Amino acid sequence: MTRLTGGALRVTIFIGENDTWHHKPLYTEIVHRAHAAGLAGASVFRGIEGFGASSLIHTTRLLSLSEDLPVAIVIVDTEERVREFLPQLDELVGEGLVILDECEVIRYVGRADDSRDSDRKGKRSL
């Protein structure tokens, strides 16, 4: 398990949900590459409304024709590891926005591999 506390770097990638990489969602490719690179974690958030460099507003409102909603992928790890990952984002993100923020990790804990985890999955240990 990756240990991460103290100073870190957050990279946020803003793209459209319809953006693709080799016929699959671009956000999926970014998350899988971040995982393969051993980064501490990545999450994808779907926006309900937004616009970018094209100035075209994308929204979930009923009367809107837009289905290409904004998506944000957030990745946090040490500065060194995030910066090593940036060339992959250069390759993947043709249209969008990539930003870096310094942040402080105060708690980063994964699920424990103990009996409580087994109980949640419906398996009881004696």
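Structure report, in brief.

## Looking at the pairing of strand β7 (residues 70–77)
Successive side chains on a regular strand alternate, one facing one side of the sheet and the next facing the other. Note that strand β1 (residues 6–16) and β7 share eight bridges and pair antiparallel. What sits directly across from L9, in β7, is D77. For strand β4 (residues 42–46) and β7, the ladder comprises five bridges, and the chain directions are antiparallel. Bridge pairing links F45 to A72 in β7.

## Notes on the layout of surface pockets
Of the volumes computed, that of the largest pocket is approximately 440 Å³. As for the largest pocket, its lining consists of 18 residues, and the residues nearest its centre are I15, G16, G52, A53 and G96. Residue assignment for the lining of the largest pocket shows that the elements contributing at least two residues are β1 and β7. In terms of residues, the lining of the largest pocket owes the most to one element, β1, which gives three residues. Classifying every residue of the lining of the largest pocket gives nine nonpolar, six polar and three charged. The space that makes up the second largest pocket amounts to roughly 160 Å³. Contributing to the lining of the second largest pocket are L4, A40, G41, A42, S43, F45, V74, I75, V76, E104, V105 and Y108. Counting only elements with at least two residues in the lining of the second largest pocket, the list comes to β4, β7 and β8 (97–105). Residues that form the lining of the second largest pocket fall into these classes: nine nonpolar, two polar and one charged.

Conventions we followed
Residues numbered from 1 in each chain as written. Predicted model: local features only at pLDDT ≥ 70, side-chain atom pairs only at ≥ 80, totals over all residues. Heavy atoms only, no water. Pairing = 2+ DSSP bridges. Helix = DSSP H or I, 4+ residues; strand = E, 2+ residues; numbered from the N terminus. 1 Å grid on protein atoms, 1.4 Å probe; cavity = no way out; pocket = protein on both sides within 12 Å on 5 of 7 lines; lining within 4 Å. Points joined across faces, edges and corners; volume = space filled by probe spheres on them. Nonpolar A, V, L, I, M, F, W, Y, C, P; charged D, E, K, R; others polar.

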